[in-house]
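Here is what each chain is made of, one letter per residue.
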Amino acid sequence: MPPAREEILRHITTHNLHLGVIGLGHVGLPLALTFVERAKVRVTGFDIEARKVDSLQRGENYIMHIGAERVGLARESNLFEATSDFNRLGEPDALLIAVPTPLTLQREPDLQFLVQTAEAIRSRLRRGQIVVLESTTYPGTTDELVKNILEQSGLKCGCDFFLAFSPEREDPGNQQFTTASIPKVVGGVDDTAADLAVAMYEMAFERVVRVKSARVAEATKLTENIFRSVNVALVNELKTVFDAMNIDVWDVLDAAATKPFGFMKFNPGPGLGGHCIPVDPFYLAWKAREFGIHTRFIELAGEVNVGMPKYVIDKLQTALNERQKSVKGSQVLVLGLTYKKDVDDTRESPAYALMSLLLDRGAIVSYHDSHVAVTQPTRSWPNIAPMSSVALTPDYVRSVDAVLIATDHSGVDYDMVAANAQLIVDSRGVYREPRNNLVKA
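This text gives an overview of the structure that appears in the document. Each chain carries its own residue numbering, running from 1 in the direction its sequence is written. A pLDDT threshold of at least 70 governs which residues receive local features in this predicted model, and a stricter bar of 80 or more applies before side-chain atom pairs are shown or counted, although totals over entire chains, interfaces and linings include all residues. For the side-chain quantities, the full set of heavy atoms in the structure was used; hydrogens and water were omitted.

1. Digging into the overall build of the protein chain
Regarding its fold elements, the protein chain presents 15 helices and 13 strands. Atoms counted for the radius of gyration: C-alpha only. Globule rule: 2.2 Å times the number of residues to the power 0.38. On C-alpha atoms alone, the protein chain measures out to a radius of gyration of 24 Å, which is about the 22 Å that the 2.2 N^0.38 rule sets for 441 residues. Oriented by its inertia axes, the alpha-carbon framework of the protein chain measures out at about 75 × 50 × 40 Å. Think of it in three bands: residues with accessible area under 20% of the maximum for their type are buried, residues over 50% are exposed, and the middle band is partly exposed, with areas taken using a 1.4 Å probe on protein chains only. Per-residue burial for the protein chain yields a buried fraction of 55% across its 441 residues. Residues count as neighbours in contact if any of their non-hydrogen atoms are within 4.5 Å of one another. Put simply, 72% of the contacts in the protein chain that link residues at least 6 apart link residues at least 24 apart. Elements are defined by DSSP. Helices are runs of H or I of four residues or more, strands are runs of E of two residues or more, and each kind is numbered from the N terminus.

Dropping the structure here:
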């Protein structure tokens, strides 16, 4: 056995492992805290954003769904620290990569952050380290791209250092599952890497699922999110069909969900959001073209979901026209900015697409979201100027021409909105009974 393997395994079995987590966002931060809390090992978090590092060093949390006290307790334990000094990447025994893997404007994989991270590790890589990629990507990224970059250090994968893939499975706001309770899929570039990665994750996770290779693990993550994308696209399309037939899709889905087998309920909406589901299907579609395969089913689902914001705005425009108003010049309040309810995560949120379409059509747009005080600049929607969340009061609701429900946060007084709004366009199924001022979209 390679001496490096025995060294890492000794650190794991004695709980003397020093872990490094690169990227302290919605994946990396809960991952780091889970290892501190459950494995009681030393964790160093790396991030390029000084704001995040400074907050964490003060024991402050900047992600809503992570318990406010967890960062402070981790800092008090002296097991967790955050840094922007990437020269320290050679210190940890294990490095977990949790950096963004978005799409380009052409909907092709954008791996610039992953490549930059791998290059940063390469120049500090030492014998006896294990590197695990957690960022979602196409099959082959770990044992092709990352391995090739790291071996440019002169060290040999499988002998001097070890490489594996373990996809993140975070679901922000889900109260039923924690980072530790969600089964952890792990696949190594080789068997030794898999052995070590499994042993490491078993320190902190309730269940670790070993698969045959890093490529299987990469494909597993894509399959999970493509499954959701396709099924959401299906109910979104059914929504448009049933609406034309004057049938409420929510009534249909509730009834179908009573079947105890053969049906899984997915909810329609104004489009897909979050980092994973709007992005991941296009990673596999892009990789499939390398093999001469056109993923028509996957891409069709993507087209349906991408088209939903326009469908919602068209419904709003029709409703305004029926009230002798045009979109241009109308004041529209967008209710909810995050991609899902009761979180503060706006990544790929369809609310931004809705706002962009409204602005393009000349509407005067405002928003309310108690979880997002100020909008952040986005590459995808450059026409949205920075704005602040407005107070949701009866007077303000009465003053606008339409309220568009983009995210169904549970903290909103929807009875007050219904009682005061001139027009409500509901894209989330908040209101189930017909109202004179309600349009379902």
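2. Thoughts on helix α12 (residues 308–322)
How far a helix is expected to stretch is found by multiplying one less than its residue total by 1.5 Å. Between the first and last C-alpha of α12 there are 21 Å, a value that for 15 residues agrees with the 21 Å anticipated at 1.5 Å per step. Positioned one or two residues after α12, Q324 has a phi angle of 60°, which is positive.

3. Overview of the nonpolar core
Counting residues in hydrophobic clusters, the biggest one holds 42 residues, and the most contacted among them are L19, F35, V43, L96, M200 and Y201. Not counting the four nearest positions on each side in its chain, V43 is found in contact with L19, V21, A32, F35, V36, L79, F80 and E81. The next biggest cluster of nonpolar side chains, apart from the first, holds 37 residues, and it includes I22, A120, L125 and I298. Each nonpolar core is a collection of buried residues, namely Ala, Val, Leu, Ile, Met, Phe, Trp, Tyr and Cys, held together in the definition by side-chain atoms within 4.5 Å.

4. Some thoughts on the pattern of salt bridges
A pair is scored as a salt bridge if a Lys or Arg side-chain nitrogen falls within 4 Å of a carboxyl oxygen belonging to Asp or Glu. Within this structure, the stated rule accounts for 31 salt bridges. Notably, a salt bridge pairs R88 with E81, separated by 2.7 Å at the nearest N-O pair. The burial state of R88 is the same as that of E81; both residues are buried. With its nearest N and O atoms 3.7 Å apart, the salt bridge here joins D191 to R210. Of the two residues, D191 is situated in helix α7 (residues 191–201) and R210 in strand β8 (residues 208–210); the sequence distance between them amounts to 19 residues. Judged by its relative accessible area of 53%, D191 is exposed. Salt bridges sharing partners connect three or more residues here, namely D143, E144, R215, K287 and E290.

5. With respect to helix α1 (residues 3–13)
Taken together, the buried positions of α1 are occupied by A4, R5, I8, H11 and I12. The buried residues of α1 all sit within an arc of 130° when viewed along its axis, so they share a single face. Structural note: α1 exposes P3 and T13 on the side pointing more than 90 degrees away from its buried face. With its phi angle positive at about 55°, H15 sits one or two positions after the end of α1. The directions considered for the arc run from the helix axis to the C-beta atoms.

6. Brief notes about the sheet that holds strand β10 (residues 364–368)
Within a sheet, neighbouring strands are paired by backbone hydrogen bonds and run either parallel or antiparallel to one another. Spatially, the five strands line up as an open sheet ordered β10-β9-β11-β12-β13, and their pairing is parallel. One side of each edge strand has no neighbouring strand; the edge strands of this open sheet are β10 and β13 (438–440). Going from strand to strand, the sheet's axes swing by 20° on average, the running direction of each strand aside. Pairing geometry for strand β11 (residues 402–405) and strand β12 (residues 424–426), over three bridges, is parallel. Pairing between strands is defined by DSSP: at least two bridges between them are needed. Every angle, taken between N-to-C directions, lies between 0 and 180 degrees, and every axis is a line fitted to C-alpha atoms, over only the stretch in contact when it is a helix.

7. A word on the sheet that holds strand β4 (residues 94–97)
If you trace the eight strands from one edge of the open sheet to the other, you get β3-β2-β1-β4-β5-β6-β7-β8, paired in mixed fashion. Edge positions in the sheet fall to β3 (80–83) and β8, since each has one partner strand and no second. Direction aside, neighbouring strands of the sheet carry axes that sit 25° apart on average. The strands touched by helix α2 (residues 28–39) are β1 (18–22), β2 (42–46), β3 and β4; relative to β1, the strand with the most contacts, the crossing angle is about 165°. Most of the contacts of helix α6 (residues 141–151) go to strand β6 (residues 161–165), to which it runs at about 150°, and overall it touches β5 (129–133) and β6.

8. As for the side chain of D345
Structurally, the position occupied by D345 is in the loop between β9 (331–335) and α13 (350–360). A polar atom in the side chain of D345 sits 2.7 Å from the side chain of R347. Dropping the residues within four chain positions of it, D345 is found in contact with H26, T338 and Y339. Polar contact is defined as a pair of N or O atoms within 3.5 Å, subject to the rule that within protein one atom must be able to donate a hydrogen and the other to accept it, and that residues adjacent in sequence are counted only when both atoms are side-chain atoms.

9. Things to note about unusual backbone geometry
In this structure, Q324 is a non-glycine residue whose phi angle is positive, near 60°. Summarising the element assignment, Q324 is placed in the loop between α12 and β9. For D342, which is not glycine, the phi torsion reads 60° and is therefore positive. Structurally, D342 is set in the loop between β9 and α13.

10. Let's talk about the state of the cysteines
Criterion for a disulfide: a pair of cysteine sulfur atoms at a distance within 2.5 Å. The final tally for this structure, using the stated rule, is zero disulfides. Here C157 stays free of any disulfide, with the sulfur of C159 as its closest cysteine sulfur at 9.9 Å. On the accessibility criterion, C159 (36% relative accessible area) is partly exposed.

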